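An overview of the molecular structure
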Amino acid sequence: MSEQARRRPPKPYRKPKKDPVRMLAFEALRAVDERDAYANLVLPPLLRKAREAGDFDGRDAALATELVYGTLRRQGTYDAIVAACVDRPLREVDPPVLDVLALGAHQLLGTRIPTHAAVSASVELARVVLGDGRAKFVNAVLRKISQHDLDAWVERVAPPYDEDPEDHLAVVHSHPRWVVSALWDSLGGGRAGIEDLLEADNERPEVTLVARPGRSSTEELAAATETLPGRWSPYALRMAEGGEPGAIEAVKEGRAGVQDEGSQLVALALANAPLEGPDARWLDGCAGPGGKAALLAALAAERGAALLASEKQPHRARLVERALAGNPGPYQVIAADGTRPPWRPGSFDRVLVDVPCSGLGALRRRPEARWRRRPEDLDGFAPLQRGLLTEALRAVRVGGVVGYATCSPHLAETRVVVDDVLKRTGGAELIDARPLLPGVPALGEGPDVQLWPHLHGTDAMYLALLRRIA
């Protein structure tokens, strides 16, 4: 070092600047990681707080939302890329550092943010939340990542498809290997179909509204906000540009709601299934948080039927009460365990049980769930699913209909459950659900129905309809 360099005074320390958008995204990712929170529950209050503080405008909120959901959807791919750029196993890297790196990787590889801006903003975030020392590590890793685009990185880190198809798809489409395998088993077919499904899981889902019959109309909702018609449900509208559904008057008043079209179709199919005998008493045996119950209650009211909505968890039962408030027809909400029901056998004409499940059908909406679930979780759901369907068949009268629904396409949660309960209990038969979803294509060989994000634009809802015959 020259004498002149030794005499040059050191540069004054510059405090890092807080970027409110990236700070909020980091805070949301930490909540997901530390508290097993869901992003769709964590993010809205954070965005609302930032808007109220004057830190955010609409563009800031959109960017923060994209950073959070985009990072979570591509977490597996980004982890594989980061792993190729560090000299130790990822488990030895602190989780907050990995979150900053994943956010940076998404900006570099999944957005149009310029490279220099993505790196500098991520390093600045690291200085704020991690300190200057670890910020240097973040800078070095992100500069390595910036040397290639996403396609080039995937080619480097994913095993060849011919050698290991499931692991290749897991890395390319950011799903755990066991989830890829389970979805492929359920879907059947070759490479194109499973790739389309995995890609659909990584797309941002549309916001779909439901106009509850007799209380609102699609025309009213279309006049209130920019929408597109629903694909399959006569009560559905899709919000064209996202937007804020809570600002719509009919949604505020509970006359309309936000409900995936697959969920609407399940309720409609049960409501329209042919019955032998009276049609006066309906049961939603797993009613929380209330979307299907609200639609069923509105449909029942049009026919003069009464709905009993039962939910085991009291706090979820309160959500159901809120969803049904103002329904014109008779209804009741109770907190009860559907496997130990308080009602008498044979009390109902129609029964729906949308059972607790792994949630693998809603990975578009809850991308973090794919990393949270484990194959052994299905063993925990199995007794509950069988118990709820068994009691639902006891609850319906002879000639009545039960709908078994789940937001999972996993065979262990769908056909295996239905077949097992039918064999053990007897006295019921499957009826063809496909005619009750008019106009919906690609419903398979029946008699049950599996919806798919890539084929129907819905969550991967499953429905089996059973009639009690003895």
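These notes cover the structure that comes with them.

1. Here we look at the nonpolar core
Judged by nonpolar contacts, the single largest core of 50 residues is most densely connected at L24, F56, V68, V82, V138 and I145. Looking at this core, the elements with two or more residues in it are helix 2 (20-35), helix 3 (39-52), helix 4 (58-73), helix 5 (75-83), helix 6 (95-109), helix 7 (115-129) and helix 8 (132-145). Setting aside chain neighbours within four positions, we find V138 in contact with V97, V100, L101, S122, A126 and L130.

2. Some remarks on the packing of helix 16 (residues 291-303) against helix 17 (residues 314-324)
In the contact formed by helix 16 and helix 17, the axes pass within 9 Å of each other and the chain directions differ by 40°. Put simply, helix 16 runs oblique to helix 17. Helix-helix and strand crossings are classified by hand; for helix 16 and helix 17 the assignment is right-handed. Across from A293, A294 and A297 in helix 16, the residues of helix 17 making contact are V320, A323 and L324. Considered class by class, the residues forming the contact of helix 16 with helix 17 number six nonpolar, no polar and no charged.

3. Here we look at the sheet that holds strand 3 (residues 236-239)
Taken together, four strands build an open sheet; the order of strands is 2-3-1-4 and the sheet is antiparallel. If you trace the sheet from one side to the other, it starts and ends with strand 2 (227-229) and strand 4 (256-258), each paired once. With direction set aside, neighbouring strand axes in the sheet form an average angle of 30°. Where strand 1 (residues 207-211) and strand 3 come together, four bridges link them in antiparallel fashion. Opposite V210, over in strand 3, you have A236 as the bridge partner. Across the sheet, helix 15 (residues 261-272) is in contact with strand 1 and strand 3; its angle to strand 1 comes to roughly 30°.

Procedures and definitions
Every chain is numbered on its own, with residues counted from 1 as its sequence reads. Owing to the predicted nature of the model, reporting of local features is limited to residues with pLDDT of at least 70; listing and counting of side-chain atom pairs is limited to 80 or more, with chain, interface and lining totals taken over all residues. Here the side-chain values reflect all heavy atoms present in the structure, with hydrogen atoms and water set aside. The term nonpolar core refers to a set of buried residues drawn from Ala, Val, Leu, Ile, Met, Phe, Trp, Tyr and Cys, joined through side-chain atoms within 4.5 Å. Each residue's exposure class comes from its accessible area (1.4 Å probe, protein chains only) as a fraction of the maximum for that residue type: buried when under 20%, exposed when over 50%, partly exposed otherwise. What counts as a helix is a DSSP run of H or I of at least four residues, what counts as a strand is a run of E of at least two, and both are numbered from the N terminus. The contact criterion used throughout is that any non-hydrogen atoms of two residues lie within 4.5 Å. Whenever a helix is involved, its axis is fitted only over the stretch in contact; in every case the axis is a line through C-alpha atoms, and angles between N-to-C directions fall within 0 to 180 degrees. Under this scheme an angle from 65 to 115 degrees is roughly perpendicular, one under 35 degrees roughly parallel, and one over 145 degrees roughly antiparallel; angles in between are oblique. Should the near helix be turned counterclockwise from the far one by less than a right angle, the crossing is left-handed, whereas a clockwise turn marks it as right-handed. Only Asp, Glu, Lys and Arg are considered charged, only Ala, Val, Leu, Ile, Met, Phe, Trp, Tyr, Cys and Pro nonpolar, and every remaining residue, Gly among them, polar. At least two DSSP bridges between two strands are needed for those strands to be called paired.

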